[in-house]
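Examining the three-dimensional arrangement
So the chains spell out like this:
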Amino acid sequence: MQTESFKVMNVKCGGCASNIQTNLTQLPGVATVEVDIATGTVEVQGEGLNHTTLITKLAELGYPVANS
Ligand SMILES: [Cu+2]
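Heads up: these notes are all about the structure in this document. A quick note: this is a predicted structure, and the numbers were derived from the prediction, not measured. Residue numbers here run from 1 along each chain, matching the order of that chain's written sequence. The model is predicted, so local features are restricted to residues of pLDDT at least 70 and side-chain atom pairs to those at 80 or more, both for listing and for counting; the totals for chains, interfaces and linings are taken over all residues.

When its secondary structure is counted, the protein shows two helices and three strands. Listed N to C, the secondary structure of the protein is β-α-β-β-α in terms of helices and strands. Our radius of gyration is a C-alpha quantity, and the globule rule it is checked against amounts to 2.2 Å times the number of residues to the power 0.38. A compact globule built from 68 residues would reach a C-alpha radius of gyration of about 11 Å, and the protein, at 10 Å, matches this within 12%. The principal-axis extent of the C-alpha atoms belonging to the protein is close to 30 × 20 × 20 Å. To qualify as a helix, a DSSP run of H or I must reach at least 4 residues; to qualify as a strand, a run of E must reach at least 2; elements of each kind are numbered from the N terminus.

Set out below in structure tokens:
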């Protein structure tokens with residue numbers, strides 16, 4: 001199992017968190033997605049995760065990654 005952690009912008013509420021979870025879970029290899037609303041941290045676990053694909057998807061959703 002592989003873990004990718006991102007600090008993203010614009011996460012304000014549970015709706016943002018579930019939006020991120022729903023969309024990232026559909027990407028290949030993603031097993032679990034956890035979002036910490038207070039810190040804007042998105043932690044993705046899975047196999048064969050593609051860092052760039054995850055960052056691109058987060059940006060598309062309106063949550064650009066602050067560090068990468
Ligand atoms: Cu929200």
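Picking up after the structure, the text goes on.
On the secondary structure map, Ala31 appears in strand β2 (residues 30–36). Using a count of 12 C-beta atoms within 10 Å as the deciding quantity, one classes Ala31 as exposed. Along the backbone, Ala31 and Glu47 are 16 residues apart, and their C-alpha atoms lie at a distance of 7.6 Å. The burial criterion counts other C-beta atoms lying within 10 Å of a residue's C-beta, which is placed from the backbone; the residue is buried at 20 or more, exposed at 12 or fewer, and partly exposed between these limits.

The next subject is the packing of helix α1 (residues 14–25) against helix α2 (residues 51–61). In this description, a line fitted to the C-alpha atoms serves as the axis of each element, helices being fitted only across the stretch in contact, and the angle between N-to-C directions of two axes falls anywhere from 0 to 180 degrees. At a minimum axis distance of 11 Å, the contact between α1 and α2 shows a crossing angle of 140°. Compared by their axis directions, α1 and α2 come out oblique. For the element pair α1 and α2, the recorded crossing hand is right-handed. Here Asn19, Ile20, Asn23 and Leu24 of α1 lie close against α2, whose contacting residues are Leu54, Lys57 and Leu61. Amino acids outside the nonpolar list (Ala, Val, Leu, Ile, Met, Phe, Trp, Tyr, Cys, Pro) and the charged list (Asp, Glu, Lys, Arg) are all regarded as polar, and Gly is one of them. Here the residues of the contact of α1 with α2 are counted per class, giving four nonpolar, two polar and one charged. Roughly parallel means an angle under 35 degrees; roughly antiparallel, over 145; roughly perpendicular, 65 to 115; everything else is oblique. Crossings are classed by handedness, with left-handed meaning an anticlockwise turn of the near helix from the far one by less than a right angle and right-handed meaning a clockwise turn. Contact between two residues is assigned when their C-beta atoms, built from the backbone, lie within 7 Å.

A few words on unusual backbone geometry. The backbone of Asn10 shows a phi angle near 75°, a positive value even though the residue is not glycine. On the basis of neighbour counts, which here come to 12 C-beta atoms within 10 Å, the residue Asn10 falls in the exposed class.

The next point concerns the environment of Thr39. You can see Thr39 is positioned in the loop between β2 and β3 (41–46). On the basis of neighbour count, Thr39 is assigned to the exposed category, with 10 C-beta atoms found within 10 Å. With 30 residues separating them along the chain, Thr39 and Met9 place their C-alpha atoms 9.3 Å apart.

Before going further, it helps to examine the environment of Glu47. Tracing the backbone through its elements, the reader meets Glu47 in the loop between β3 and α2. When the 10 C-beta atoms within 10 Å are taken as the criterion, Glu47 is described as exposed. Between the alpha carbons of Glu47 and Met1 there is a distance of 5.6 Å; along the sequence they are 46 residues apart. Leaving out residues up to four positions away in the same chain, Glu47 has contacts with Met1, Gln2 and Gly29.

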